[in-house]
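Residue-level structure breakdown
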Amino acid sequence: MTGPSWPEHPAEQRPPKNGTTPRIAVSQLARRIAALPHRLLAYEGADGSPVILPVTVTGHDETGLRLSAPPELLPPGGRRAGLLAHAFRPQCVGVSMRTATGWLTVDDGEALYAPHTSVGMAAPPSRTVMTVANGLLAKHGLRRARRNGTTAHLHSLAAGVRPGA
């Protein structure tokens, strides 16, 4: 193994005030990410930097997703964590992804992820459709930025004018 040694595990976090149990349907999330081949788990490390690990979903029930990762990389206890499942086709034509936020509990090397929120997107595997859709989204975003004053603010920042001056 090369590089610096793995830092200490972070301290356990205080549970959220609304509890640590799943807030969305676990079976629905499991079904949606089943076809996405790549899965990553992220949490805050002891040094405050993100720790990102590849994980495998080994099962699920109403309490959450069962995750598998190298046991020495999973911190014991409970903490907030994010989960990303994604699939990219060649040249990013046809992209699918689903992200979740939730609570990770690791006890004796067993990891349980209780999802609290989930969002996803899928882009069709057609270069023409993706190009048109991206252009329409960009045009809509530019119009909205002009309407709400964002473009004027950015131009003043580029010109060196400080806001409120």
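Residues numbered from 1 in each chain as written. Predicted model: local features only at pLDDT ≥ 70, side-chain atom pairs only at ≥ 80, totals over all residues. Heavy atoms only, no water.

In this section: the overall build of the protein chain. Along the protein chain, the regular secondary structure elements total 3 helices and 7 strands. N-terminal to C-terminal, the α/β element order of the protein chain is α-β-β-β-β-β-β-β-α-α. A compact globule built from 165 residues should have a C-alpha radius of gyration of about 15 Å, whereas the protein chain, at 20 Å, is more than 25% larger. The dimensions of the protein chain, computed from C-alpha atoms along their principal axes, are 55 × 45 × 40 Å. Relative to its full complement of 165 residues, the protein chain shows a buried share of 28%. In the protein chain, the proportion of contacts linking residues at least 24 apart, taken out of those at least 6 apart, comes to 60%. Here the protein chain displays about 10900 Å² of accessible surface, and carbon together with sulfur accounts for 57% of that area. Side chains of the protein chain carry 18 positive and 10 negative charges; the gap between the two charge centres is 25 Å. (Helix = DSSP H or I, 4+ residues; strand = E, 2+ residues; numbered from the N terminus. Rg over C-alpha atoms; globule rule 2.2 N^0.38 Å. Buried < 20%, exposed > 50% of the residue type's maximum accessible area, 1.4 Å probe, protein only. Contact = heavy atoms within 4.5 Å. Areas by Shrake-Rupley, 256 points an atom, 1.4 Å probe, with all protein chains shown as cover. Lys, Arg positive; Asp, Glu negative; His and termini not counted. Charge placed at Lys NZ, Arg CZ, Asp CG, Glu CD.)

In total, this model carries 1 salt bridge according to the counting rule given. Salt-bridge contacts for aspartate 61 lead to arginine 66; the nearest nitrogen and oxygen are separated by 2.8 Å. Taking relative accessible area as the criterion, aspartate 61 reaches 25% and is therefore assigned partly exposed. Judged by relative accessible area, arginine 66 falls into the partly exposed class, the value being 29%. (Salt bridge = Lys/Arg side-chain N within 4 Å of Asp/Glu carboxyl O.)

Right, let's talk about the side chain of arginine 79 for a bit. With respect to the helices and strands, the residue arginine 79 is situated in strand β5 (residues 77–88). Salt bridges are absent for the buried arginine 79, whose nearest opposite-charge side chain, glutamate 12, sits at 6.3 Å. Side-chain polar atoms of arginine 79 contact the backbone oxygen of proline 76, separated by 2.8 Å. (Polar contact = N/O pair within 3.5 Å; in protein donor to acceptor, adjacent residues only side chain to side chain.)

The subject of this paragraph is the sheet that holds strand β7 (residues 110–122). Strand order in the open sheet made by the 7 strands is β2-β1-β5-β6-β7-β4-β3, with antiparallel pairing throughout. The open sheet has two free edges, formed respectively by β2 (50–54) and β3 (56–61), since each of these has just one partner strand. Averaged over all pairs of adjacent strands, the angle between strand axes in this sheet comes to 35°, irrespective of strand direction. Relative to strand β6 (residues 95–107), β5 is paired through 12 bridges, and the arrangement is antiparallel. Note that in β6 the partner of alanine 85 across the bridge is arginine 98. (Pairing = 2+ DSSP bridges. Axes fitted to C-alpha atoms, helices over the stretch in contact; angles between N-to-C directions.)

On a regular strand, each side chain points to the face opposite its neighbour's, so the side chains alternate between the two faces of the sheet. Two strands pair when backbone bridges link them, and β6 and β7 are joined in this way by 12 bridges, in the antiparallel orientation. By the bridge assignment, tryptophan 103 is partnered in β7 with alanine 114. Adjacent in sequence and paired antiparallel, β6 and β7 are bridged by 2 residues, among which aspartate 108 carries a positive phi angle near 55°.

Shape descriptors only; they carry no functional weight alone.
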